[in-house]
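Coordinate analysis (summary)
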Amino acid sequence: MAVAKQKLSVPFDYDKYLRKDKLPHIWCPGCGHGIVLKSLLRAIDNKELSKNDLCMVSGIGCSSRTPGYVDFNTLHTIHGRAFSFATGLKLAKPSLKMIIATGDGDAMAIGGNHFIHTCRRNIDMLIIVYSNAIYGMTGGQFSPTTPIGSIATTSRYGNVEPPFDICEMAKAAGATFVARGTAYHTQELERTFTEALGHKGTAVVEVIDSCPIYFGRMNKQRGASEMMENIEKNGTVSVKQVDKLPAEKTEGKLVRGILHRVEKPEYCEQYDKLIVAKATK
Amino acid sequence: MAVAKQKLSVPFDYDKYLRKDKLPHIWCPGCGHGIVLKSLLRAIDNKELSKNDLCMVSGIGCSSRTPGYVDFNTLHTIHGRAFSFATGLKLAKPSLKMIIATGDGDAMAIGGNHFIHTCRRNIDMLIIVYSNAIYGMTGGQFSPTTPIGSIATTSRYGNVEPPFDICEMAKAAGATFVARGTAYHTQELERTFTEALGHKGTAVVEVIDSCPIYFGRMNKQRGASEMMENIEKNGTVSVKQVDKLPAEKTEGKLVRGILHRVEKPEYCEQYDKLIVAKATK
Amino acid sequence: MAEPAKKLPRIEISERRCKACSICVDFCPTNVLEIRGTTCVVKDLEACTRCQLCDLRCPDFAIRVFD
Amino acid sequence: MAEPAKKLPRIEISERRCKACSICVDFCPTNVLEIRGTTCVVKDLEACTRCQLCDLRCPDFAIRVFD
Amino acid sequence: MADRYEIRFSGSGGQGMILAGIIMAEAASIFGDKNAAQSQSYGPESRGGASRAEVIIADAGVDIDYPKATAIDCMLALTQTACTSYYSDVKKDGILLIDEDEVTDIPEGDFKVVKYPILRAAREDIGKSIVGNIISLGMITELTGIVSREEMENAVLSRVPKPFLELNKSALTLGFEKASALKKEL
Amino acid sequence: MADRYEIRFSGSGGQGMILAGIIMAEAASIFGDKNAAQSQSYGPESRGGASRAEVIIADAGVDIDYPKATAIDCMLALTQTACTSYYSDVKKDGILLIDEDEVTDIPEGDFKVVKYPILRAAREDIGKSIVGNIISLGMITELTGIVSREEMENAVLSRVPKPFLELNKSALTLGFEKASALKKEL
Amino acid sequence: MAAKKKLMQGNEACAEGALYAGCKFYAGYPITPSTEVAEIMSVELPKRGGKFIQMEDEIASMAATIGGSLAGLKSLTATSGPGFSLKQEALGYACLTEVPCVVINVMRGGPSTGYPTGPSQSDIMQAKWGTHGDHPAIALTPAYVQEILDETVRAFNLSEKYRTPVVVLYDEIVGHMREPITIPEPGDLEVIDRAKPDCDPEDYKPYDDKHLIAPLAPFGEGYRFHVTGLNHKEDGFPTNDSEMIDINNRRIMQKIDDNIDDICKNDESNLEDAEIGIFAVGSTSRSAKFSVNAARKKSIKAGLLRPLTIWPFPDKAVGELAEKCKVIIVPELNLGQMVNEVKRVAAGRCEVVGIHRVDGEPIKPAQITELIEKYS
Amino acid sequence: MAAKKKLMQGNEACAEGALYAGCKFYAGYPITPSTEVAEIMSVELPKRGGKFIQMEDEIASMAATIGGSLAGLKSLTATSGPGFSLKQEALGYACLTEVPCVVINVMRGGPSTGYPTGPSQSDIMQAKWGTHGDHPAIALTPAYVQEILDETVRAFNLSEKYRTPVVVLYDEIVGHMREPITIPEPGDLEVIDRAKPDCDPEDYKPYDDKHLIAPLAPFGEGYRFHVTGLNHKEDGFPTNDSEMIDINNRRIMQKIDDNIDDICKNDESNLEDAEIGIFAVGSTSRSAKFSVNAARKKSIKAGLLRPLTIWPFPDKAVGELAEKCKVIIVPELNLGQMVNEVKRVAAGRCEVVGIHRVDGEPIKPAQITELIEKYS
Ligand SMILES: Cc1ncc(C[n+]2csc(CCOP(=O)(O)OP(=O)(O)O)c2C)c(N)n1
Ligand SMILES: Cc1ncc(C[n+]2csc(CCOP(=O)(O)OP(=O)(O)O)c2C)c(N)n1
Ligand code: SF4
Ligand code: SF4
Ligand code: SF4
Ligand code: SF4
Ligand code: SF4
Ligand code: SF4
Ligand SMILES: [Mg+2]
Ligand SMILES: [Mg+2]
């Protein structure tokens, strides 16, 4: 399937999902956010979802500017609270197909509580965390996913805070679909998104992403392409290979792919099935 | 050791750690919170900690009223934020021995984000979650640890939200000592607290506790003693036995004991070791 | 050595603190205690084994068993 | 069947959208592209294998390769 | 009746003082045709400690603006603490109904004191100490005449779960009767 | 000098306009003995788009109250967008210094226009397009005389990392020289 | 009376009013003394096709409430002081994005955790100024149980009509007391639903400035549009253009200012010939009414202005009062909030004095009477 | 000048002032346009034995800041609009528990996310009324870079002296502009440290009402005491007694009211004979000064009252102005905040007019000049 795609003779028509007049987007040259969005749009196309039903909600951050560019029902909210706005929307109108576009700061710093409670409720939505280990929008402070030792504008001596493992958190909190992808492995990411969009319940996809302007510059990565390469070479290993590789090849690496997937009752359905049924009987 | 304790001829003198003039406390007859506090005081005594160094911080809730009764440096803050106040105190004065007294609502509902970030930083403090599956103070609404199907004043048709596993959350977030005890197993709890007080880093102890007045009454448990018995009989299994018991005896049960314990650099120490060292060199 | 005549324990119950929750009563292995009105009282001191379970579980710092 | 004369692909680059980040240039396996001024341009169309990698990784919806 | 008739129920948390207030207000305004306003005070904790409920009753069509007691016509006290804390608002010639076992230090004043072992009667005569508040309602109905026996009975029965109807009815009747006897002494 | 002398640096994000403003302010107020106030405007996003920095200079001891431009004495425009958006505040007989490759649609007005291929010179003569702002500073120093060459050189050198000292010195000197030639044509 | 009479608590009447108004969505987090509103909604909404959710905190509650409304449901949340403080950021978002919703604040003793079971009126200024930035504010102040029901309905109506959040403020006394009230039959009270667009989706502008208040399309019904808390232009997309920013920031204030007579509502008693005016809301206004009645019996010309809309402030009514009275007495359960507004409006035309109480007790009629008599 | 002169940004000067005042603790969460304060503190504090921590949000930041102060360190946090809204609940806690700390709010365009890189002055009322319940408020409003440094020092002094949080409000223009300033040498500026108890720990009452402001013992030094956000009595423990509640709630206000002359500070120019008064803060006051100077050149009697303490409101100075001027002009980067306070104080004694701007642009001197000339 991957190969088939690669040989496409007609390129994918992103414009049919975009608000073309809003481009070029505000992201810096080489920012990974655009690549993530492209994988998502292809996945949406794979699933043949309707733009009228799609609803994208975000908080604040560079990544959270995504909704402005897609021709869906779009809601750019306040920092960290996208999950809660989305919970209201989804519960009020279960026909909406919810996608959250959020950053490591938006989701895991200020929004951490809403993130875990959303996972716990297992309410049907796809959460995409653009995880670039930095607060891009505010100019490069360290985030709860910044590796120890990294430089940021508020960790000039090197960061001392251990980072979260977003996927572990999602799983512990109760998310029923948890996966990790990268802005480098764009086709794998497309497949992951496609699977996630087919899942009923809270699906979390962490995307290892790059902010060449702040994280890159402060941490001596020469440019966008070098950051991409680093994601490939040093950062991750596929869940399919992880057991086959020798320990020294996997150590310290994040695992890519679908890491957790279970079927559990979805919140809105439970609401109808248990609460409404009892209330109206 | 446990046996030795049981045969004590001179009972433990709680009063030396209490603000006696503040008793009787505000907790309802049969509320488990007092039992938890007693186990803690014995553990503190075991560790010979000084009252001048001890600092207990809480949020809002019945459980969060604990600091008012102990003769330490005590801080009763606002709902959900005890962790953050405590972080400030500890970082500013690392000689303080920090204990957080919090409830399932205070820690896991409104305080969830500060809870996970405290665990992530691995800042040296003991977090005691009095986990009674209800918002006691406000009169019995369901909480993020209320089992599915339970009745509460805001889940009259039965709760549909899946509960958090507090210990799993703590571990995923980065806490380096994670344990579970109960208000029934008071001596085991004392031992767990004793261990936790000896740990350097964030130690989380979830205590399965009872609110006979709200949770008990609404869920057809006839009284405080019956709730205690239920904790014993139906609720939990010791980590020491869990592997030895047949699956049907452990299914659906929470595991008691020390569930996770690793040595990792503590936040305040790292601050001195890495940041201050670099800044002043 | 022969045991001296059995010395009874001393059970102190603070009426001010006790809330008559009955936990000590229900968990005392030898049925020493009972609730009377709004407080717990000793019903059968002889039966007391000094096991301290009442103290350990009393939520109110209200009962203490001395040797 | 004999191949017909090699048909070249058509590479569309939107100057308005392109931010000259160089990702497509650096990841093109056959060195088709280059940055000129503030935009990316085609340097060697013949070399293009239509692999679409440039499109897949362009963060700016700026490049498309047609058969 | 004057512009407003004021009743206060006081005791400790768990004795059903607020429920008594609600029932009195319903007897007057739902089952009777008067106006009523019921309110209560809590301590900073919603449990434990003294508990107090007040009902202001006025004729139909007469607004009850200030909803708290100003000069109490009738006050119930089921505990000493409640009695001591709250009796002082009872007005001249008002009625102070006390549980005679619990309230031993009886305040003095220009009011009439009615004593009865309400809780004991609940326990011993009815078999449930929880109905002390219902006995009290019966007594107050009789002592004050501010609502009719029938209105009160309807009000009590509408608030009580089915299985406890008879129990409460007996408690209420006991209250009516005891008060009817005691009234004569006033 | 009048009460206040106003300079605006404009270009696009990344061209170092704010740094230029800072250096100008330091040349005047730290290395010279004048007073200065430097400010800037961002778009809603802190990156991309037009960028603008302003410096108001006054004699020592003269307060600079309003810190933004009111009537500009000298403005630099390194891009067409910046030029078009911002030129209109240049005052009568003020100076508009433009990059002659970038700004092709030259606005008309009562001011004097000085043209020079600043970015090209940076790229080709100095070898680093990033020093366009330093060349500009040299030119403005020369064109306006508001700070001395020495003050400007000190200011530039104090803001530049060691390895780039020479580079920036050359850029500045280039600016001095080119402007000194162009000045004659004014 | 044909309609059914019921003894109801203030908080119950609030829930009843919300249901009457067609509220179909509730998101909240429990807090004394407002919790009963949530408890009733959790039981009643599922019976009527509505949704109830208990969120993890008040911030999430406010956000979910806005989400529910964007999906097209009339949405409610209820809280008290500490929770009201937490809701402020998201409340400002609702103001700027013009999403209707109703927020109940049952005021308890403050500041901070304060006195959770005690009454107060000390969040009145916060209801206007609690969130950062200039924003429109509508706040209603019922004082009787029946009025809580009626005003909750009016709160929904104003919210839907003006596309803005509406706050209902009442103190713990009114929230917890019980009075016999009449539940209105369908049709008895006006119920307003937000305007929906009838244009082609292509032409839809959610912040069209041809309308002072543009229709609001629910999400998911074909009108795909963008909502953001950044300053935005007519089409909802962020802008950087100072003219556009100005137009939108002023329009959201103007929609209130231009309709102040529709939004303001006062209850006046004995004002015709009043020489001593009293300005009070909530339980305090009930004490004041008691005192005014007592004063009138003594032929003292006292009168009461009791605003049911406290924001926008009733400048007109207070101005008239200042013209005719020698003094305006402002009793309030705080240390001086409305009294400053009254002073601002009175602008020296009459004396203005406050009575303030923050000890957890109501203002007693005797306190007001004393002052009335002093000025009579 | 002997002391070193440096070109500094407003936000840098703020950090510099904090360090000068002896600040040893910073907890914050980044937000435009205040982030530079955090960035500098993260570099400088570790060099000086202080602690910097970046928290997970603004609520945690405010809480940690209070914690740091309770441990005995002078503590700072900095934020902007949305963050300031989030800090409100904990800020009220600091007011009631009387924990000194300083909060910087660099004001940006609002409401909501608004215009993050644009200036505004629209959180002025919020600085007084943002949290629920009645509480004391001190807020300072510097307008020049040097003044930001000086006023940040004063903020710490007032905070330590009066055991209360102090807010420093300045707009983005002042926060981001650069001016040459003089860094004071040790001793140049007064630095006040909080009083510590010298009594026996047994006798220590953290809210002793013999003192208007009781000494505050740091945690962990032998004075074991209790701090709660519930209404409390002298010993810090919660109370339910209405008299105690009253005493404490009024005392925390009174400590400000009784010292208003010590807390208020104004900069006046050309006021002696002014007929046209201008009341302005921050960048707007700089425009106003420009206009006043221009007016004086034309012999128009304009003058400027520029408060450096906006809360408590400078009633006295404004009152005097109202006495002598025919009009007070209040230019502000919002839709009308301080202008209402000026009206309240003027109480009809003179005309009061506002100039308001919310489009992300500063108020231009020309706008003020126009009005001055109209009234001249
Ligand atoms: C309440 C609040 N606090 C802080 C901010 C400032 N802020 C905006 S975006 C952001 C961080 C964004 O980081 P992330 O979510 O990782 O997104 P990125 O820009 O890296 O894509 C912060 C701190 C804000 N807008 N609101
Ligand atoms: C900001 C805020 N929201 C809500 C409340 C109301 N409140 C007080 S305690 C509590 C829940 C307490 O539950 P938990 O922590 O489990 O303690 P418990 O009483 O069960 O011991 C709530 C919701 C509050 N005080 N502050
Ligand atoms: S700052 Fe970083 S995250 Fe933000 S757009 Fe630029 S590169 Fe992307
Ligand atoms: S309400 Fe429940 S948790 Fe609270 S004190 Fe009573 S029994 Fe304990
Ligand atoms: S010590 Fe043991 S035996 Fe004695 S009273 Fe207590 S529980 Fe019973
Ligand atoms: S356990 Fe304690 S409080 Fe309960 S009855 Fe026994 S002594 Fe009393
Ligand atoms: S399609 Fe492949 S070969 Fe052709 S330009 Fe793009 S990356 Fe290069
Ligand atoms: S990847 Fe896209 S934006 Fe980057 S240079 Fe290539 S075409 Fe331009
Ligand atoms: Mg990020
Ligand atoms: Mg609980």
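This text gives an overview of the structure that appears in the document. Computed from a prediction, not measured in an experiment: that's the story for all the values here.

What follows concerns the overall build of chain C. Of regular secondary structure, chain C possesses 2 helices and 4 strands. Reading chain C from its N terminus to its C terminus gives the helix and strand order β-α-β-β-α-β. Considered along the principal axes of its C-alpha atoms, chain C spans approximately 45 × 15 × 15 Å. A total of 67 residues make up chain C; the buried ones form 48% of that total. In chain C, once contacts between residues fewer than 6 apart in sequence are set aside, the share between residues at least 24 apart is 51%. Here chain C has roughly 3600 Å² of accessible surface; of this, 53% comes from carbon and sulfur atoms.

Here the focus is the interface of chain H and chain A. Counting from both sides, the interface comprises 20 residues of chain H and, opposite them, 18 residues of chain A. Each partner contributes to the roughly 1300 Å² buried at the junction of chain H and chain A, and carbon and sulfur atoms together form 55% of this total. For chain H, the biggest contributors to the area lost against chain A are Y29, E39 and Q54 of chain H; these three give 37% of the whole. Of all elements in the fold, only α2 (35–44) and β3 (51–54) of chain H reach the threshold of two or more residues within the side of chain H that touches chain A. Looking at the side of chain H that touches chain A, the element that brings in the most residues is α2 of chain H, giving 5 residues. Taken together, the residues of the side of chain H that touches chain A break down into 9 nonpolar, 6 polar and 5 charged.

Attention shifts here to the coordination of the magnesium ion (ligand 10). Residue and element names in this part refer to chain B. Surrounding the magnesium ion (ligand 10) are the protein donor atoms D104 (OD), N132 (OD1) and I134 (O), which sit 2.0 to 2.2 Å from the metal. Sequence positions of the residues that donate to the magnesium ion (ligand 10) give the spacing D-x27-N-x1-I. Residue D104 is found in helix α4 (residues 104–108), and its partner N132 is found in the loop between β4 (125–131) and α6 (166–173); the two are separated by 28 residues along the sequence.

Further remarks concern the packing of aromatic side chains. Evaluation of the coordinates by the stated rule reveals 32 aromatic pairs over all chains. On the basis of an interplanar angle of 75 degrees and a centroid distance of 5.5 Å, the ring pair of Y14 of chain B and F61 of chain C is categorised as edge-to-face. A residue pair is termed interchain when its members come from two chains, as with Y14 of chain B in the loop between α1 (2–6) and α2 (33–46) and F61 of chain C in the loop between α2 (53–57) and β4 (63–66). Summarising the burial analysis for this pair, Y14 of chain B and F61 of chain C share the class buried. Considering the side-chain rings of Y66 of chain F and F290 of chain H, the 6.3 Å spacing of their centres and the 65 degrees angle between planes classify their relative orientation as edge-to-face.

Quick look at the arrangement of the chains now. Ranked by contact count, the leading pair among the 14 pairs of chains in contact consists of chains G and H. Chain C makes no contact with chain D; the smallest distance between any of their C-alpha atoms is 62 Å. The smallest C-alpha distance separating chain D from chain E is 58 Å, and no contact links them.

All names here are of chain E. Along the polypeptide, T79 turns up in the loop between β4 (72–77) and α2 (80–86). Judged by relative accessible area, which is 13%, T79 ranks as buried. A polar atom in the side chain of T79 sits 3.1 Å from the backbone nitrogen of A82. Setting aside its immediate chain neighbours within four residues, T79 contacts G11, S12, Q15, E102 and V103.

Let us now look at the environment of D198 of chain H. Residues and elements named next belong to chain H. Of note, D198 is situated in the loop between β9 (178–182) and β10 (226–228). Owing to a relative accessible area of 76%, D198 belongs among the exposed residues under this scheme. A sequence separation of 17 residues divides D198 from P215, and the C-alpha atoms of the two residues are 8.7 Å apart.

We now examine the relation of the copies chain H and chain G. Rotating chain H by 180 degrees and translating it 0.0 Å along the rotation axis places it on chain G, where the RMSD comes to 0.0 Å. Look at the turn and shift together and you get a two-fold axis relating the two. Counting the interface residues of chain H, we find that 100% of their copies in chain G are interface residues as well, pointing to one common contact surface.

Moving on, we get to the site of ligand 2. The environment of ligand 2 is formed by 24 residues, the closest being C62, S63, D104 and D106 of chain B together with E58 of chain G. Notes on ligand 2: free accessible area 590 Å², of which the protein chains cover 98%. Elements supplying a minimum of two residues to the shell around ligand 2: α4 of chain B together with α4 (81–97) of chain G. Ranked by residues supplied to the shell around ligand 2, first place goes to α4 of chain B with 3 residues. A breakdown of the residues in the shell around ligand 2 according to their chemical character gives 11 nonpolar, 9 polar and 4 charged.

As a further point, take the site of ligand 4. The immediate surroundings of ligand 4 are formed by 12 residues, with C28, C31, C62, N132 and C211 of chain B found nearest. Neighbouring residues of ligand 4 are not confined to a single chain but are spread across chains B and E. Here the residues of the shell around ligand 4 sort into 8 nonpolar, 3 polar and 1 charged.

Turning to helix α13 (residues 365–375) of chain H, a few remarks are in order. All names here are of chain H. Those residues of α13 not exposed but buried are P365, I368, T369, L371, I372 and Y375. Here the buried residues of α13 occupy an arc of 165 degrees about the axis, which is enough to place them on one side. When the buried face of α13 is taken as reference, the exposed residues oriented beyond 90 degrees from it are A366, E370 and K374.

Trans is the common state for peptide bonds, and a negative phi is the common state for residues other than glycine. Residues and elements named next belong to chain G. Here the amide bond leading from T32 into P33 is cis, since omega sits at 0 degrees, within 30 degrees of zero. Along the chain, P33 falls in the loop between β2 (23–28) and α2 (35–44). The omega torsion of the bond from G110 to P111 falls at -5 degrees, within 30 degrees of zero and hence cis. Turning to its location among the elements, P111 is positioned in the loop between β5 (101–109) and β6 (115–119).

Quick look at the sheet that holds strand β4 (residues 125–131) of chain A now. A sheet is described by the order of its strands in space; here 9 strands give the open sequence β7(A)-β8(A)-β5(A)-β6(A)-β4(A)-β3(A)-β1(A)-β2(A)-β10(G), paired in mixed fashion. Lying at the two open borders of the sheet, with one neighbouring strand each, are β7 (236–238) of chain A together with β10 (226–228) of chain G. The average undirected angle you get between the axes of adjacent strands in this sheet is 20 degrees. Relative to the sheet, helix α9 (residues 224–235) of chain A contacts β5 (177–182), β6 (202–208), β7 and β8 (254–261) of chain A, its axis offset from that of β7 of chain A by approximately 65 degrees.

Residue and element names in this part refer to chain H. Looking at where R194 falls in the secondary structure, it is placed in the loop between β9 and β10. Between the C-alpha atoms of R194 and L158, which are 36 residues apart in sequence, the distance is 9.4 Å. Excluding residues that lie within four positions of it along the chain, R194 makes contacts with S69, G72, L73, K74, P100, E160 and L216. Within the structure, the side chain of R194 is placed 2.7 Å from the backbone oxygen of S69, a separation counted as a polar contact.

Parameters at a glance
- Residues numbered from 1 in each chain as written.
- Chains lettered and ligands numbered in written order.
- Predicted model: local features only at pLDDT ≥ 70, side-chain atom pairs only at ≥ 80, totals over all residues.
- Heavy atoms only, no water.
- Helix = DSSP H or I, 4+ residues; strand = E, 2+ residues; numbered from the N terminus.
- Buried < 20%, exposed > 50% of the residue type's maximum accessible area, 1.4 Å probe, protein only.
- Contact = heavy atoms within 4.5 Å.
- Areas by Shrake-Rupley, 256 points an atom, 1.4 Å probe, with all protein chains shown as cover.
- Buried area = accessible area lost by both parts, 1.4 Å probe.
- Nonpolar A, V, L, I, M, F, W, Y, C, P; charged D, E, K, R; others polar.
- Donors = N, O, S within 2.8 Å, 3.2 Å for Na, K, Ca; no water.
- Phe/Tyr/Trp six-rings, centres within 6.5 Å; stacked < 30°, edge-to-face > 60°.
- Polar contact = N/O pair within 3.5 Å; in protein donor to acceptor, adjacent residues only side chain to side chain.
- Least-squares fit on C-alpha atoms with pLDDT ≥ 70 in both.
- Near = heavy atom within 4 Å.
- Arc of directions from axis to C-beta.
- Pairing = 2+ DSSP bridges.
- Axes fitted to C-alpha atoms, helices over the stretch in contact; angles between N-to-C directions.

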